[in-house]
Amino acid sequence: MISVQNLSKSYQTPGETIQVLTDLNLSLDPGDTASIVGPSGCGKSTLLNLLGALDRPSSGSIIIDGQDIASFTDPQASAFRNHSLGFIFQQHHLLPQLTVLENVLIPRLAGDWSEPASTTEQRARQLLETVGLSHRLNHLPWQLSGGEKLRTAVARALINQPKLILADEPTGSLDPTSTETIADLLLTLNQTQNVTLIVVTHNPDLARRMAKPFELKSGKLQSLITDH
Amino acid sequence: MTSLSFILGGLRHYRTAYLGVLLGSALGAMVLLGALFAGDSVKSTLRQIAEQRTGKTTIILAGGENFFRASLSDSLPDSSPILQLRGQVDRPDGRSTGQVNLFGITPTFWSFAPSETPAPSLDERTWAINRELARTLDLNPGDTITIRLGKPGLASRDAPLSGEPEELITLRGTIGEIRPDDAMGRFNLQASQLPAPAIFLPIERLAEAIERTDRANLLLFKSDLTADQATAKIRQSAQLPDYGLSLLEIPLSNAVEIRTDRIFIPTLVEEKLRKQLPQATPVITYLANTIAANDRETPYSMVTGADPSRVSFLPPDLSNNQITLNSWQAEDLAAKPGDTVTLKYFTLATGNQLVEKSSTFTVKSIVPLEGPAADKLWMPEFPGIAEADNSADWTPGLPLDLTRIREKDETYWDDHRGTPKAFIHYDTAQSMWSNRWGNTTSLRLPVANHPLPDLEKQILSTLTPADAGLLVRDLAAESRLAASSPVDIAGLFLSMSFFLILSAVALTAMLFRFNVEQRNHESGLLAALGIPAKKILRWRLAEGLAVITLGSLLGTILAFAYTRALLTFLESIWNRGGDALFRFHAAPTSIIGGLLGFIILMMLTIRWVTRSQAKRAPSLRLESGIEEITRNRKSRARWIAPTAAIAGFTALAASQAIAPQSAFFVAGFSFLIAGLALFRVAGASCSSPSQERLAPSLTPSLLARLNIARRPTRSLVVVGSLAAGLFLVVSVTAFQKHGGDDWKSPKSPTGGFAFWIETTTPIHRGSNSESTADLLQLGEQRSQLGQILPFRIGTGDDASCFNLNSVTRPRLLATDTSVLEQRASFTIKSTAPGIAPSWKSLREGKPETLRAFIDETTLLWVLKKKPGDLIDYTDEQGNTFPVEIAGTLTASVFQGSFVVDEQRYLNRFPSAGGHQLFLADASTDLTKTREILQRSLTDLGATITTTTDRIAAFNSVENTYISIFNILGGLGVILGSAGLGIVTARNLTERRNEFSQLHQLGIPRPIVRSVITREIRGLILWAVGIGIVAAIVSIIPSLPKTGLLTTLGWIATLALLFLLTATTCAWIALRTTFRPPHPSPNS
């Protein structure tokens, strides 16, 4: 499903070149769950952005479902994200002007979805019901709690029925109970819909609940599962 | 959810943020459309005035001082004759006004009105007047008025033997009706937006008063003819009197004579007739002041010059220096063949002076006073002589000493009238007496070969109206042209509003960008969710389009009110009281074009600012939040600064080659750009990590500078708006016209003259003539004035800043330029290549060209030409000739006119009337002298203005323009200050967490406030520096030499006002936004 080979990413600043990722390798199968931990500034979000085609690597390849997303043009990258990827951010990034249901439907605005709008809307309602927000469909983001906002973002990440979900600190701003609920939700989705899940987190409990935990250190991923 | 609902949702949610964009768009559109509407209103008003001014007139036949038969109109369909004169109008209570158009008309005249209105009932004593005259003298129907006018001569009053120069006629009548403007009340041939006072009375009444029955000097056509077709029709219907000619049988000589009522047959007419009629013999009869011989003399006698071979009683071999006396004359002088005879006579010299000259002859023969030699018809009908009963009653218009006339002279007059007492060769006579009006007083032909009817036909087939000074003009086309391309008010206001519009666009775009920045997360998220960047950009632009369109529509509505305010300003320049001159008009093309243009401009701008944000990677936008995403533009700004500065200096250096106003704008714009680029470089240098930044001394000052550089675009927009506003205000203030205190200096705009006097009645003879030293007939009051310099007012329109119409041929003012040369009057600013900067140069150059000096302002703004350019004029005979712009005068009383040399002018316009304009010296109390002159010159219908008042009037027009500039610049400053306030408020709001952190770190509140204050002060000082330096450098070449201290004082005051405004706006923003930090940075 995912094959990352010799991935490097560096940033040029006025004073120096900052090497964030160095010859990083990663391989995941469909339905895998993975977590990435590491200190702040180690490049976790950078890696996630590269996996989500939000940014381009300095070198190396990222093969997802047989496609090298590193070589995508901007429109190809957009189409890839729109059809094959689900993104969950720590800050949720819900649009304040839209209702919960509308926020979930945002990806459809790309305009090239083949299914009827009613089908998507029906799925959005189901997803919101799944995440426990069926009673909040017409609420605006400021009327939601932090956990509800995150659950809305989860529903939005699933609206395009992705094969891969990238979650960047999904529980960073939640209390332990909400964190547990979100973790359960993500893992349930992984099991029921066979979605590959990559979670960047600082939360060791959440990290541990993923089948393949990694630590990003010195620009490289190291598995946290020791072979016995 | 669709794209549309998404966009509408965005608009609804961010409506507060978009309010600024909406208002900015409204302001920009208002200013832009207001300028266009002002132009439309002026154009529309002028078109309407042109329609009222000329009515349905298409073609005119204009004679000026040359008259034709009013009945000529009878054979020309759709025509109407007019006898147009000028006079002074008095009320019974003594109030009076000069320069009133007197129109002697027939009832057909009213059918030329643009609107159908009933013709007034006029008779000998019941006249119509127009609204302007009614307003000027506060007249109503039923009031009695008196017209005073000078009786026009048969020939130019300047011509020798043209009769007594001054004869004032008085007419008394009652006002029957006040004609509205659209009912021919505004009829006027001069292209001006200002109405001229006018009286309409029956043509017969006016013609009778001036003793010119059945005479007119203007013929209007309303049929759809071309000028050539009209000319052909006029030629078909014209008779000899229309050319000022008549045929007279001379029975004693068995001849017929072609005569003119203008004393001398115009040279062109003579040439054409002699070519057509080879047998015609020219004759010139002239008044000799003295015929002397043998210590005896005979006063005031007629002498004839003729071809001796064609005159039966003259010796065929009469040579050029020989003379034949009649027997009476020979006896009076006791002269016999071989004796020497001296003739004394007046000729015209430079300056139109009469100079007595003498010529000596040898007596060739003596002829008896009988037969053809005793024919009284040798003498033409000289006015003032022909009709006199006695010699002592002669009034020939020459300074004669009639006491010299003896009893025997009276007897001769009684018996023989003007029979010549001597005959000389025609060639000699021509060399002695020919002048600019012609070379001959009649042409003689043998009657046997030329039956009168045939001769008349031959003459009529030879001549054209222009030969007799009757010019056919396409008045409709002329007035259309004048009204259709007037002073480009729209362009003027657009250029005046340029920086304001620019500021409005920049600030609006900045506000829009705030919105985009505020929604960076949203854009990043949309991109992360796979919405293509182009689509996101389109949504942003669609929101922008909606807001900008709404704002522009609001601006369009506001533009209606704004234009009315502008028109009020324009009224103060061009209206001299009475009804409102300008009528509001907004052309659909202006509304649609202006609106679309502005929306497109705004859309391009916001697309530019949005696109630069949209180009960033989604991840970066997600992370940056509301921070401005910048690229390092330092390197680009580094070359922009010097390049723009070089462009500015180049424009200044080339200000002589290109129009100075363009040079000023290019230079100003370039220096502003250079200053802003410098600001950008300074900001980038400050914010980029360097050795300096590693230094431990982080001070409030450095932090403030870093903060300015943190959001470079918004800082740039604020500094740019403020600097542009300040630049405009300061630079145009420097153009304020002051002065007038140095009017006694010959080099000043007054030329050292105190008064500008215009008379309704033309005055004849030059001021240097002994007999006409008191040219204005001031009598005892002559001592009030020093030198008086007379001018002839020639063809052309007033091109001064008082006339809104497009003028392509400014009025010609002809004077004795040697006087100006001697006085070294006025400052000649520039001349065409090869022409010396001296009044003398106007008397030089190719003879076919008339050289002229003109006020620099007129050349620059009205004619848009440069020294050396030529402008075609039409002379008295309808021939085109070039007026060469020899040079320019620094601001002068002559604004709007070409000053030309009188002698060279008279070569082209020999029949020109007398002087109607006078510049006069005075050294005593001007106010008192003016009052005395006004009383003394009442009969001449004189308007007396001090030259300083005239200059002040011109200055007031320019200063009003400058006031408008100042207001627009002031609006720019207010806009910039508002921008500063908005940016301050925005920065403070966005940085609340930052202030909280500083607070938690124990940084005292005064220090935080000091950092903010320094940021604001930095922006203001940069703006002041850029604005003032750009303004001062740009205006250096144009800085007035007079009133420099006043100007600098004004600049300092404006800079202070600017600082106050900007600081106040920022302070308000600071007070309302900067709150005590919250305890937790996360809150």
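Residues numbered from 1 in each chain as written. Chains lettered and ligands numbered in written order. Predicted model: local features only at pLDDT ≥ 70, side-chain atom pairs only at ≥ 80, totals over all residues. Heavy atoms only, no water.

Moving on to the overall build of chain B. Along chain B, the regular secondary structure elements total 29 helices and 30 strands. The principal-axis extents of the C-alpha atoms in chain B amount to approximately 135 × 55 × 55 Å. Across chain B, the fraction of contacts at a sequence separation of at least 24, relative to all contacts at a separation of at least 6, is 81%. Surface accessibility of chain B: about 42,600 Å² in total, with carbon and sulfur atoms responsible for 56%. (Helix = DSSP H or I, 4+ residues; strand = E, 2+ residues; numbered from the N terminus. Contact = heavy atoms within 4.5 Å. Areas by Shrake-Rupley, 256 points an atom, 1.4 Å probe, with all protein chains shown as cover.)

Regarding its fold elements, chain A presents 7 helices and 10 strands. Relative to the compact-globule value of 17 Å for 228 residues, chain A shows a C-alpha radius of gyration of 17 Å, a close match. The burial tally for chain A puts 54% of its 228 residues in the buried class. Counted over contacts in chain A with a minimum sequence separation of 6, partners at least 24 positions apart contribute 70%. Accessible surface computed for chain A: about 9,900 Å², of which carbon and sulfur atoms make up 47%. Charged side chains of chain A number 17 positive and 22 negative; the gap between the two group centres comes to 2 Å. (Rg over C-alpha atoms; globule rule 2.2 N^0.38 Å. Buried < 20%, exposed > 50% of the residue type's maximum accessible area, 1.4 Å probe, protein only. Lys, Arg positive; Asp, Glu negative; His and termini not counted. Charge placed at Lys NZ, Arg CZ, Asp CG, Glu CD.)

This paragraph deals with the pairing of strand E10 (residues 218-221) of chain B. Residue and element names in this part refer to chain B. The alternating pattern of E10 places Leu218 and Leu220 on one face and Leu219 and Phe221 on the opposite face, and all of these are buried. As judged from the 4 bridges shared by strand E1 (residues 59-62) and E10, these two strands associate in the antiparallel manner. Residue pairing across strands places Ile60 opposite Leu220, the latter belonging to E10. Here 4 bridges tie strand E3 (residues 79-90) to E10, and the two strands are oriented antiparallel to one another. When the bridges of E10 are listed, Ile82 appears paired with Leu218. (Pairing = 2+ DSSP bridges.)

Glancing now at the pairing of strand E16 (residues 340-348) of chain B. Residue and element names in this part refer to chain B. By the bridge criterion, 3 bridges tie strand E13 (residues 281-293) to E16 in an arrangement that is antiparallel. When the bridges of E16 are listed, Ala292 appears paired with Thr342. Note: E16 against strand E17 (residues 354-367), 9 bridges, orientation antiparallel. Residue Thr347 lies in a different strand from E17, and its bridge partner there is Val355.

Before going further, it helps to examine the interface of chain B and chain A. Across the boundary between the two partners, chain B contributes 28 residues, which contact 23 residues of chain A. Between chain B and chain A the total buried area reaches about 2,100 Å² when both faces are included, carbon and sulfur atoms providing 70% of it. By the criterion of area lost to chain A, the three top residues of chain B are Met1(B), Leu525(B) and Leu529(B), representing 31% of everything that side buries. The interface formed by chain B and chain A contains 0 salt bridges. At the boundary of chain B with chain A, the tally comes to 3 residue pairs in polar contact (both at pLDDT 80 or more). Within the residue set of the side of chain B that touches chain A, elements represented by two or more residues are helix H1 (3-13), helix H13 (520-528), helix H14 (533-574) and helix H16 (618-624) of chain B. Each residue belonging to the side of chain B that touches chain A can be placed in one class, and the counts come to 16 nonpolar, 8 polar and 4 charged. (Buried area = accessible area lost by both parts, 1.4 Å probe. Salt bridge = Lys/Arg side-chain N within 4 Å of Asp/Glu carboxyl O. Polar contact = N/O pair within 3.5 Å; in protein donor to acceptor, adjacent residues only side chain to side chain. Nonpolar A, V, L, I, M, F, W, Y, C, P; charged D, E, K, R; others polar.)

All names here are of chain B. Among the surface-exposed residues, Asp389, Asp393, Glu407, Asp414 and Asp415 lie close enough to one another that they form a single negatively charged patch. Tracing the backbone shows Asp414 in helix H8 (residues 407-416). Judged by relative accessible area, which is 46%, Asp414 ranks as partly exposed. (Patch = residues over 30% accessible without salt bridge, like charges linked within 9 Å, V, L, I, M, F, W, Y side chains within 5 Å.)

Moving on to helix H1 (residues 44-51) of chain A. All names here are of chain A. Most of H1 sits inside the fold, with 7 of its 8 residues counted as buried. Every buried residue of H1 is accounted for by Lys44, Thr46, Leu47, Leu48, Asn49, Leu50 and Leu51. After H1 finishes, the residue Ala53 shows a positive phi value of roughly 60°.

Attention shifts here to a nonpolar patch on the surface. Residues and elements named next belong to chain B. A cluster of nonpolar side chains, namely Leu19, Leu23, Leu554 and Leu558, defines an oily patch on the protein surface of about 330 Å² accessible area. Listing elements by their share of the nonpolar patch, those giving two or more residues are helix H2 (15-54) and H14. Secondary-structure assignment places Leu19 in helix H2. Judged by its relative accessible area of 47%, Leu19 is partly exposed.

Turning to the packing of aromatic side chains, a few remarks are in order. All names here are of chain B. Scanning all chains against the criterion turns up 31 aromatic pairs over all chains. An angle of 85° between the planes, with centres 6.0 Å apart, marks the rings of Phe37 and Phe584 as edge-to-face. Taken together, the residues span a long stretch of sequence, with Phe37 in helix H2 and Phe584 in the loop between H14 and helix H15 (588-614) at a distance of 547 residues. When its relative accessible area of 0% is taken as the criterion, Phe37 is described as buried. Residue classification places Phe584 among the partly exposed residues on the basis of a relative accessible area of 21%. Ring plane angle 90° and centroid distance 5.7 Å describe the contact between Tyr345 and Trp433, whose orientation is recorded as edge-to-face. (Phe/Tyr/Trp six-rings, centres within 6.5 Å; stacked < 30°, edge-to-face > 60°.)

Here we come to the sheet that holds strand E4 (residues 59-64) of chain A. Residues and elements named next belong to chain A. Read across the open sheet, the 4 strands follow the order E2-E1-E4-E5; overall the sheet is antiparallel. Strand pairing shows two members of the sheet lacking a second neighbour, strand E2 (17-28) and strand E5 (67-68), which therefore form its edges. Of the strand pairs in this sheet, strand E1 (residues 2-12) and E4 are connected by 5 bridges, and their pairing is antiparallel. Each bridged residue has a counterpart across the sheet, and for Gln5 the counterpart in E4 is Ser61. Packed onto the sheet, H1 meets E1, E2 and E4 and runs at close to 120° relative to E1. (Axes fitted to C-alpha atoms, helices over the stretch in contact; angles between N-to-C directions.)

All names here are of chain B. Counting all residues, the mean pLDDT for chain B is 84, and 90% of those residues have values of 70 or more. Predicted confidence is poor over residues 766-772, with pLDDT under 50, and the contacts of this stretch with residues over four places away or in other chains come to 16 contacts. Confidence metrics for the complex model read pTM 0.73 and ipTM 0.75. (pLDDT = per-residue confidence, 0-100.)

As a further point, take unusual backbone geometry. Positive phi, normally seen in glycine, also occurs at Asn294(B), with a value near 50°. Structurally, Asn294(B) can be placed in the loop between E13 and strand E14 (296-306).

Next up on the list: H13(B). Residues and elements named next belong to chain B. With 8 of 9 residues buried, H13 lies mostly within the body of the structure. Among the residues of H13, Asn520, Glu522, Ser523, Gly524, Leu525, Leu526, Ala527 and Ala528 are the ones counted as buried. Gly530, located one to two residues past H13, shows a positive phi value of around 90°.

A few words now on the pattern of salt bridges. Per the stated rule, a full pass over the model turns up 40 salt bridges over all chains. A salt bridge links Asp32(A) to Lys212(A); the nearest nitrogen and oxygen atoms lie 2.8 Å apart. A residue pair is termed long-range when its members are at least 10 positions apart, and Asp32(A) in the loop between E2 and strand E3 (33-37) and Lys212(A) in strand E9 (residues 212-217) qualify at 180 residues. The exposure class assigned to Lys212(A) is partly exposed, which follows from its relative accessible area of 25%. In this structure, a network of salt bridges that share partners links the residues Asp332(B), Arg406(B), Lys408(B) and Asp409(B).

This part takes up the environment of Phe735(B). Positionally, Phe735(B) belongs in the loop between helix H21 (712-734) and strand E21 (755-763). Taking the C-alpha atoms as reference points, Phe735(B) and Ile1035(B), separated by 300 residues in sequence, lie 8.3 Å from one another.

In this section: the side chain of Thr33(A). All names here are of chain A. Take Thr33: it is sitting in strand E3. Only 2.7 Å separates the side chain of Thr33 from the backbone nitrogen of Ala211, close enough to count as a polar contact. In this structure Thr33 touches Leu187, Asn190, Leu197, Met210, Ala211 and Lys212, once residues within four positions along its chain are discounted.

Right, let's talk about the packing of helix H12 (residues 489-518) of chain B against H14(B) for a bit. Residue and element names in this part refer to chain B. Closest axis-to-axis distance for the H12/H14 pair is 12 Å, and the angle between their directions is 150°. Here H12 is positioned roughly antiparallel relative to H14, judged by the angle of their axes. Considering the relative orientation of H12 and H14, their crossing is right-handed. Listed contacts from H14 to Ile489, Phe493, Ser497, Phe512 and Val516 of H12 are Arg540, Gly544, Tyr562, Leu566, Leu570 and Trp574. (Parallel < 35°, antiparallel > 145°, perpendicular 65-115°, else oblique. Left-handed = near helix turned anticlockwise from the far one by under 90°.)

All names here are of chain B. Note on placement: Glu410 falls in helix H8. Here Glu410 occupies a buried position and makes no salt bridge, while the nearest side chain of opposite charge, Arg417, is found at 7.9 Å. Sequence-distant contacts of Glu410, that is, excluding residues within four places in its chain, are made with Asn390, Ser391, Ala392 and Ile405.

A few words now on the sheet that holds strand E8 (residues 196-200) of chain A. Residues and elements named next belong to chain A. Strand order in the open sheet formed by 6 strands is E6-E7-E8-E3-E9-E10, and the pairing between neighbours is mixed. Here the strands that pair on one side only, and so sit at the sheet edges, are strand E6 (85-89) and strand E10 (220-223). Across this sheet, the average inter-strand angle for adjacent strands is 20°, counted without regard to direction. Relative to E9, E3 is paired through 4 bridges, and the arrangement is parallel. Across the sheet, residue Val37 finds its bridge partner in E9, namely Glu215. Packing against the sheet, H1 makes contact with E3, E6, strand E7 (164-168), E8, E9 and E10, and its axis sits at approximately 155° to E7. Sitting on the sheet, helix H5 (residues 146-158) touches E6 and E7, and the angle it makes with E6 is about 165°.

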